[in-house]
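Structural description and commentary
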Amino acid sequence: KAVAMAKLILLLLNWIFLCCNVAAVFEDQVGKFDWRQQYVGKVRFSHFDSHMQSSKKVLLASESNVFAALNTRTGELFWRHVDKTGPEGNIDALLQHGQDAVLVIGNGHLLRSWDIGVGGMNWEMVLDPGSFRSACLVGHQGAVKHLAVLKKTVISLHYLSNGHQKWVENLPESETVDFQAVYSGGNGEVYALGVVPNSHLAIVVYSLEDGEITKQVSVEAPWLSSIPASCSVISRGLLTCVDSTTMSLYTLDLHLQLEMTQIPLQTLGLDVDPGFRPSLVSHQPNPAHPPLSEFLLQLGPEHHLLLQHNDGQIVTLRDYKPALLASFATAGEKTVVAVMAPKNKTACSINLFSAETGRRLLETTLIFTVDPNGGKPEKLHVQAFLKKDDSVGYRVMVQTEDHTLTFIQQPGRVMWTREEALSDVVTMEMVDLPLTGAQAELEGEFGKKADGLMSMVMKRLSSQLIMLQAWIAHLWKLFYDARKPRSQVKNDVSIENLSRDEFNLQKMMVLVTASGKLFGIDSKTGDILWKHYLENIPLNAAFKLMVQRTTAHFPHPPQCTLLIKDKDTGLATLHVFNPIFGRRSQVTPPALPQPILQSLLLPLMDQDYAKVLLLVDDQYKVSAFPSTKNVLQQLQETASSIFFYLADSGQGRLSGYRLRTDLSTEQVWEVVIPTETQKIVSIKGKRSNEHVHSQGRVMGDRSVLYKYLNPNLLAVVTESTDLHQERSFIGILLIDGVTGRIIHEAVQRKARGPVHVVHSENWVVYEYWSTKSRRNEFSVIELYEGMDLYNSTVFSSLDRPHAPQVLQQSYIFPSSISTMEATLTEKGITSRHLLVGLPSGGILSLPKMFLDPRRPEVISEQSREENLIPYAPELIIRTEWFINYNQTVSRVRGIYTAPSGLESTCLVVAYGLDIYHTRVYPSKQFDVLKDDYDYMLISSVLFALFFATMISKRLAEVKLLNRAWR
Amino acid sequence: MARDLSFRVAVLFSFLFFGFINFVCCNNERRVGDALETDFSGLSVPLEHSFELDDTAKFVVRGTLLLKTGREPSVALSQNPLSEEDRVKLKEVAEVDGLYRIRVPRVSLQADRQTEWQVDGYLTAFVRACAMVESHLSDVITLHTDVSGYLIGVSIVTIPGACRGTKVEDEVDLEVFNTTLSIMAPVNAPGPETSLFLERMEQETEKKGKNPQEQKSFFAKYWMYIVPLVLFLMMSGAQDQSGGGASGRAAAA
């Protein structure tokens, strides 16, 4: 009986579960339509885990405040910790000892120790305030048990095991002396090194035991301004500095000397490259022992030297020229120097040298192939290990300017590459893949001009033949694959065999990253198909990617244009490329000598089907790209109907312009929002590829409420300058971009940004922080023309005299949000959802139905007829609405939506630190048969019915005949 | 989020369309004149317009706006009829599809700033000159203010708004403006409506409390029938699984 009861409960639970979970992904569908890629960001510090011989970990701390461990065999993440963005989570230093890795975070605010085996935190310590300068591990009598943290005014010593402070001491004369470095050579003393720029060097020695100052000296050094930039400690406490103005090396024995010894570089037979700032690198394999007496000196961009300090003399062990990079590595007791030298244009060779003697080690050459579409090598991370025969083997991780990590094994086998630039995607587009060769051939046949009947027939026959051939090849492949086990069938995607699938679900994702590297990613698998690094991208560049020609115009190649603009100067450049192959296009973009204010892609096309890009410069002159005669003529004809707007948030000015036939412009309207009270924070127009299927909404009483579908409408969001919680507000202005007419103006009082806005169809949804109720709120504005349409055929902003009806409603949302976007489908029949990126890493698919200002407070017969949900002030987050189930997307910054060939399906890409791609079906898959659809059953039923009719027909005939005979 | 506004782009491409719209008969009375009688303690600013054959802006005074300041701002307009010369020019401009522009200075309607206004820019708007002609100078001008009572925008539309290409023969139709004027302050956007919702919830719970019999759920009412049925189904299901599962499924199909 009890068993039966338990079963019953289980069954009921199952029912409930099934009823609720219809919208979610089934377990067997995980990873079928979606993929996720996790990134770290530009690497700042890296350490190979060397405490175990067999370890395959490399620790990375990045400029995106991420700390992670990678598998050196595959390049995949073992674990990753994502800290706060901005200076609060900034990783200042990474120190590794044995199983522990200690991070100094947030300008010396926090000290955190991690267990690198599992990625768990050992301890965390909050440090005294003060800006961070330097940190080092402190060893004594062969064991490393402490670490020292140097701040602007204090130095503190902490236990490595639990982070507790052993002692903290004020630095003497810290008002005048700028302490910059801390050093310990394993002899029970901690050295704090400070400098009074262009005057002298201050050295304070602390006792490891109790923090007592055992020695304090100041040394004349009028040429010195920064210790980390030009000095390093080598050997047994020998501070060595290099100075480019006096062209000399300086040495100072920290224990004995009170004056620096100058060694002119000329005496060593060395010369600094003009304009180059030389630098010194020393190596301390174990913090409990003093550093090596060998050090690396860089004298030019391609000139490195291995020097040795021997009995008070500096000797050159080896001169590396040309050498791009050089770096120390230690395996066991042996220390080696890896040097990367350019070999030819496409390859570099890396060699190992013994640090002690400077001799080249045999059979250690490794070839690094430089990607012509990548950046130059920037850093060399070497993992050295002892082979069985006690010789040194090594692998290198090369970091290039485009934030790529390449892990190479001897003799040059690339084990993996990671494109860390993808952790900072700025903008993206999805481009349709081209048709297959056969399809393209057919298209091309219609595209070409007819030349005689006979040749046309021949052409048709040949194209049919090609199609037949392709079909047979396809069948053969199917047959061949069917014999192999499923796991072995690989869908090899390469640029050569890329082609559009039946429902256009596979597209090319073109991503633009902040580093200036462009990527082409296959949306189905997430494979990087092409990459292209643009050099000389300004640091604060703004990017705008436009698709000028799609793949639909065979044989013209598709064409994308990237506008790169320096935010400070306004100067811009254009990069024109083929989005399928990533190659630079043959079309030469125009030079843009003037700062660019605005760019707009017109629906006009030139004779080669490229959309016209207009660029407005700071003289309000317009230039077109492409600027052929045909384009200029078209522009002249349509100039009077081309309007554009400019927004200057600094002055609160929105102004509208009209194009003149001579490509100059005239200002036609102006709206000025006083900057004393509010500032413009965001302006959102509608997406140009958006379709709206239905012009109106059918009401409960069968009448139609028509939507106000103004394609030129802009949603302008302002925030008040007064941030007091009682007086702060956000303003929403709906402005027609052609006439400058303010359609609606609303103020959300006691509210504050950041405001996230989505503007589509006839609605605007925005999210803000309510300072009064201290919560996040959503608000929706919908615009309706009313019960009759003013002009149902064409919308013109110049001829819509009546203001639309405005409906608005607000809701409470239980979470803050990171970004927001609306789904988009081919024809706009499918209902819309809002995709909300949450800080927790979830992406919520919120039905627009819940954000509808017509939701009634009191339920009536009519509202029920219309399927309106009764108003509830709170929007609830249902867990089955998360489209990325457990695939957390860290730090979502943007969501991109694109329609597919299926009306029910919308392609979604969420990008931030991670990239996640999936498909969503806002109205379920109404146009697709299910995966487990029973074809056998339906066809057997059909056949059975067919035969039954045949038989019964025959029987009926026989019966009729018999009756006739009777 | 793209916060870089100067970089934000919208393609604003408007298709002009000449529709067939019923002509609204216009009265040539000066509607706004009535307001002038009332006592006005506001400021007066010029309303200027410009219509030139080469579309350059040469603004001349069209009338005077009397803005009543304070808590509930209102506006009145006194304007002169168009001169013979202007009427001809307006018709000519309409024929070449020129623009009819208006502008007002940026002023604040706040009480403390009203004494004198200094020009720190204008707010401009436009309408096609042909629409102005064909509507017989029937225009609707709206002034928009921000929360602090500063004028931020002006808009002008004509009723009807379309240009059908009809000739206006009678010069008299173009003499007097038939202007509808209004001033709009931003509306307060509603917050989440919690109090009403709570009231409604309370009412419902009260209702439930009054007649508990009717409000019982389906399960609560019929559990004594459902539970044995489900039990029975489960028992038979268990037998099916152990024995002839296939036959059971076929029966279900």
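Each remark here, short or long, concerns the structure printed above.
In this report, the structure presented in the accompanying data block is examined. (Residues numbered from 1 in each chain as written. Chains lettered and ligands numbered in written order. Predicted model: local features only at pLDDT ≥ 70, side-chain atom pairs only at ≥ 80, totals over all residues. Heavy atoms only, no water.)

**Observations concerning the interface of chain B and chain A**
- Facing the 63 residues of chain B at the interface are 89 residues of chain A.
- Here chain B packs against chain A, burying approximately 6500 Å² in sum over the two surfaces, 61% of which is carbon and sulfur.
- Inspection of the chain B/chain A interface yields one salt bridge.
- Ionic pairing is found between B:R101 and A:E666, a salt bridge with its closest N-O pair at 2.9 Å.
- At the boundary of chain B with chain A, the tally comes to 15 residue pairs in polar contact (both at pLDDT 80 or more).
- Only strand 1 (12–13), strand 5 (99–105), strand 6 (122–128), strand 7 (138–145), strand 8 (151–158), strand 10 (187–188), helix 3 (194–210) and helix 5 (218–242) of chain B provide two or more residues apiece to the side of chain B that touches chain A.
- In terms of residue class, the side of chain B that touches chain A is built from 38 nonpolar, 13 polar and twelve charged.
- Where strand 52 (residues 742–749) of chain A and strand 10 of chain B come together, two bridges link them in parallel fashion. Counted as the bridge partner of A:A746 is B:V187 from strand 10 of chain B. (Contact = heavy atoms within 4.5 Å. Buried area = accessible area lost by both parts, 1.4 Å probe. Salt bridge = Lys/Arg side-chain N within 4 Å of Asp/Glu carboxyl O. Polar contact = N/O pair within 3.5 Å; in protein donor to acceptor, adjacent residues only side chain to side chain. Helix = DSSP H or I, 4+ residues; strand = E, 2+ residues; numbered from the N terminus. Nonpolar A, V, L, I, M, F, W, Y, C, P; charged D, E, K, R; others polar. Pairing = 2+ DSSP bridges.)

**Looking at the environment of A:M849**
- Mapped onto the elements, A:M849 comes out in the loop between strand 59 (843–847) and helix 6 (861–865).
- Those residues in contact with A:M849 that sit more than four places away from it in its chain are A:R855 and A:I869.

**A short note on unusual backbone geometry**
Residue and element names in this part refer to chain A.
- In the segment running from K321 into P322, the intervening peptide bond is cis, with an omega of 0°.
- Looking at the element boundaries, P322 is found in the loop between strand 25 (313–320) and strand 26 (325–331).
- Residue P754 is reached from G753 by a cis peptide bond, and omega for that bond is 0°.
- One non-glycine residue, R774, adopts positive backbone phi at about 55°.
- Inspection of the secondary structure puts R774 in the loop between strand 54 (763–770) and strand 55 (775–786).

**Digging into the nonpolar core**
- Counting 38 residues, the largest nonpolar core has B:L65, B:L67, B:Y100 and B:L143 as the members making the most contacts within it.
- Residue contributions to this core peak at five residues, all from helix 2 (residues 129–134) of chain B.
- When sequence neighbours within four positions are dropped, the list of residues in contact with B:L143 reads B:L65, B:L67, B:V75, B:V104, B:L151, B:G153, B:V154, B:S182, B:I183 and B:M184.
- A:Y183, A:Y191, A:L224 and A:L239 belong to the second largest nonpolar core, which has 22 residues in total. (Core = buried A, V, L, I, M, F, W, Y, C linked by side-chain atoms within 4.5 Å. Buried < 20%, exposed > 50% of the residue type's maximum accessible area, 1.4 Å probe, protein only.)

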